[in-house]
Each structure stands twice: as structure tokens, then as C-alpha cells.
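Residue-level structural notes
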Amino acid sequence: MSAGHGHVDPSNKHIALLISVLALVLAFSETLGKSTQTEALIANIEASNLWAFFQAKSIRQTTIRTAAEALTAQSSAQSSAQSSEGARKQVEAWNKTADRYQSEPETGEGRKELADRAKKAEAKRDRLLAAYHQYELASAAVQIAIVLASASIITGTVVLTWISGGLGVIGLLFCLLGLFAPTAVHLL
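Residues numbered from 1 in each chain as written. Predicted model: local features only at pLDDT ≥ 70, side-chain atom pairs only at ≥ 80, totals over all residues. Heavy atoms only, no water.

Attention now goes to the nonpolar core. Judged by nonpolar contacts, Ile15, Ile19, Leu22, Val25, Leu26, Val142, Ala145, Ile146 and Ala149 together constitute the single largest core of nine residues. Of all the secondary structure elements, the ones that give two or more residues to this core are helix 1 (10–77) and helix 3 (111–155). Sort the elements by how many residues they give to this core and helix 1 lands first, with five residues. (Core = buried A, V, L, I, M, F, W, Y, C linked by side-chain atoms within 4.5 Å. Buried < 20%, exposed > 50% of the residue type's maximum accessible area, 1.4 Å probe, protein only. Helix = DSSP H or I, 4+ residues; strand = E, 2+ residues; numbered from the N terminus.)

Structurally, Leu179 can be placed in helix 4 (residues 158–180). A relative accessible area of 41% means that Leu179 is categorised as partly exposed. Note: C-alpha distance between Leu179 and Ser29 (150 residues apart in sequence) is 9.4 Å. Excluding residues within four positions of it along the chain, Leu179 makes contact with Leu32 and Tyr135. (Contact = heavy atoms within 4.5 Å.)

This brings us to the packing of helix 1 against helix 3. Look at helix 1 against helix 3: their axes get within 6 Å of each other, and the N-to-C directions meet at 160 degrees. With respect to their mutual orientation, helix 1 and helix 3 come out roughly antiparallel. For the pair helix 1 and helix 3, the sense of crossing is left-handed. (Axes fitted to C-alpha atoms, helices over the stretch in contact; angles between N-to-C directions. Parallel < 35°, antiparallel > 145°, perpendicular 65-115°, else oblique. Left-handed = near helix turned anticlockwise from the far one by under 90°.)

Structure follows, in C-alpha cells:
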């Protein structure tokens, strides 16, 4: 044998394989985490837009109801039957519009429907953020595991390999939690 090409410790092959598996788990957790983070941002924007639309409908509804009340008060003060009939028809039209602003199931753009849609978007966002946090925890555990596995090669300390493997399993579990049950464990 030539100098510098000594015998390779067979345990180092196992540790190299462990590092490869840990890197694979890290790649999955990072990829899933980034896509989940992006989806959460999209859901947050959707919820914000829906609440803004809800507020706009509320303002319009309040304005129309106020106009109807003002016209009702004004027409009751006047004695002309002809102007009173026209005012009554206008008030009815405004009240129908205000009612439509409250609930419009056919378009999904009434205040009631908008609030329901916004709450669903918020729930989706919250679930996605919970998954994102699980992926972040998974990534952290696996990164530390890779460092410890690398250190075990250099130091020859077997306990570092076992700790690395344990952290790798914890990282895999957090990754699976993020994928299947993101709200099951809440650490952050």
C-alpha cells in the first residue's frame, strides 16, 4: 500500500450512508417547507382580499341603508302622495340592494358568503403555516444530525452517530407531521 491510502473503516461507509439518507430527508423537508410557505402566503392574500371585499360591501350596504332611511324620513315629512309613492319605490329598491349585499348565494359575493370564504382561506393559511413550522423543525433536526454524523467520522465517537440517527428520525417524524397532521403538535 502506498502512503496516505490506508484502510477505510467500514463503519464510515455506514455513516456516509446515514448522511446520504439524512440529506434526502433534508431535501424533502426544505422543498415541502418552501412550497408550503408559498401556499400559505397565497392563502393569506386571498383571505385579505376577501375581507377587503367584505368591508367594501359593508360600506355600500350602510350607505344605501342610510339613504333609504333618510328618504323615508324626508318623504314622511312631505304631504305629496305622488312624491311619497316615488320615494317608497326608491326605498324598496335600495333595501333590495342592501339585502343583496348581505347575502348573494348565486355569485358568492354577499357579505355572508364573503365572510365564509375569508374564514376558509384563513383556516387554510393557518394549516399551511403549521405545516411550514413542522418542516422547519424537521430541517433543523436533520441539519444538526448531518453535522453530528460528520463529526463522528472525524472523532470516531460512536455516540455521535447514534445521536445523529435519533435526530434524523425526529426530523423525519416532523416532516411526516407537516405532510399529514400539521396541527397535531404545536411547538412554535
